[in-house]
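What follows is the residue order along each chain.
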Amino acid sequence: MAVLWKLPVIFVVENNQWAIGMAHHRSSSVPEIYKKASAFGLPSIEVDGMDVLAVHNVAKEAVARARSGEGPTLIEALTYRFRGHSLADPDELRSSQEKRFWIVRDPIQRLKKHILDNN
């Protein structure tokens, strides 16, 4: 209905790569969630959720679409969950290598570096 009525809505999917104890890519034949929006005629985009500025730019475009009467947008932000699902999750399913790959992309540290470098 949001597409049909051109509602000014922005849907944000924070894809942290994991669904409790299963890697997301193992649970779907089409792991890119944003691609599923096309079945509804819903404009969508995937963005690096670990890049604050990239998310800002994509969101700004979606807001402009909504405000101009073009309707909704779905944004899939690819990010990462640094810890287990809950306090009861010992976080033993993810490899140290996988965690190291993502920790160097910490969005807070990246934004801090950007701010300091571009002061």
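Scroll up a little and you will see the structure.
**Quick notes on the pattern of salt bridges**
- Taken as a whole and assessed by the stated rule, the structure comprises five salt bridges.
- A salt bridge links Glu-32 to Lys-35, with the nearest nitrogen and oxygen atoms 3.8 Å apart.
- On the basis of relative accessible area, Lys-35 is assigned to the partly exposed category, the value being 40%.
- A salt bridge links Lys-113 to Asp-117; its shortest N-O distance comes to 2.5 Å. Of this pair, Lys-113 and Asp-117 are both found in helix H4 (residues 107–117), four residues apart, which corresponds to roughly one turn of the helix. Neither residue differs from the other here; Lys-113 and Asp-117 are each classed as exposed.
- The network of salt bridges with shared partners includes Asp-48, Arg-105 and Arg-110.

Criteria and thresholds
Residues numbered from 1 in each chain as written. Predicted model: local features only at pLDDT ≥ 70, side-chain atom pairs only at ≥ 80, totals over all residues. Heavy atoms only, no water. Salt bridge = Lys/Arg side-chain N within 4 Å of Asp/Glu carboxyl O. Buried < 20%, exposed > 50% of the residue type's maximum accessible area, 1.4 Å probe, protein only. Helix = DSSP H or I, 4+ residues; strand = E, 2+ residues; numbered from the N terminus.

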